Amino acid sequence: MTGPTPPSPGTSSPGSPGSPRPSSPAPSPAPAGTELEAGILDLLGKRAAGATICPSDAARAVGGDDWRTLMEPARQAAQRLVDAGLVDITQHGEVVDLSTARGPVRIRRRPRPG
């Protein structure tokens with residue numbers, strides 16, 4: 001019976017001193033959340049009162065060709081705007097809680113009181 005195969009020359013097991021770190025994808029230069037928040041508000045500002053946008057609209061506006069990597073950050077930015085009282089998240093025209101919503105959501109500017 002034989003033991004585990006030793007590492008090839010010039011390599012060592014991950015985590016051992018002096019070992020090269022496993023390669024990981026370079027972090028994408030994702031725009032800051034504030035850019036996505038500003039993008040959401042800018043897009044909504046160009047639409048009629050009560051109009052909605054999709055989080056992907058903001059991701060595309062800010063991220064260009066790499067917009068898909070910004071979908072979750074765009075949803076997070078929308079949630080921060082909900083928390084600030086600036087927008088609502090909707091599904092089928094009804095306000096929903098983003099943390100429990102499943103499927104596509106829309107973002108709309110919250111009506112001003114008064």
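Structure first, text after, so check above.
Procedures and definitions
- Residues numbered from 1 in each chain as written.
- Predicted model: local features only at pLDDT ≥ 70, side-chain atom pairs only at ≥ 80, totals over all residues.
- Heavy atoms only, no water.
- Pairing = 2+ DSSP bridges.
- Helix = DSSP H or I, 4+ residues; strand = E, 2+ residues; numbered from the N terminus.
- Salt bridge = Lys/Arg side-chain N within 4 Å of Asp/Glu carboxyl O.
- Contact = heavy atoms within 4.5 Å.
- Axes fitted to C-alpha atoms, helices over the stretch in contact; angles between N-to-C directions.

### Notes on the pairing of strand S4 (residues 106–109)
Where a strand is regular, its side chains alternate between the two sheet faces.
Part 1: Here strand S1 (residues 52–53) pairs with S4 via two bridges, running antiparallel. In the sheet register, Ile53 faces S4, and the bridge partner there is Ile107.
Part 2: Taken together, the four bridges between strand S2 (residues 87–91) and S4 define a ladder with antiparallel strand orientation. Bridge pairing links Val87 to Arg109 in S4.

### Notes on the pattern of salt bridges
Part 1: Summed over all chains, the structure comprises four salt bridges.
Part 2: Residue Arg110 pairs with Asp88 through a salt bridge whose shortest N-O separation is 2.9 Å. On the criterion of sequence distance, the pair formed by Arg110 in the segment after S4 and Asp88 in strand S2 is long-range, its members being 22 residues apart.
Part 3: Each of Asp88, Arg108 and Arg110 takes part in a single network of salt bridges with overlapping partners.

### As for the sheet that holds S4
Part 1: Ordered in space as S1-S4-S2-S3, the four strands form an open sheet in which the pairing is antiparallel. Of all the strands in the sheet, just S1 and strand S3 (94–95) have a single pairing partner and so form its edges.
Part 2: Here helix H1 (residues 33–45) sits on the sheet and contacts S1, S2 and S4; the angle it forms with S4, its principal contact strand, is near 70°.
Part 3: Packing against the sheet, helix H3 (residues 71–83) makes contact with S2 and S4, and its axis sits at approximately 120° to S2.

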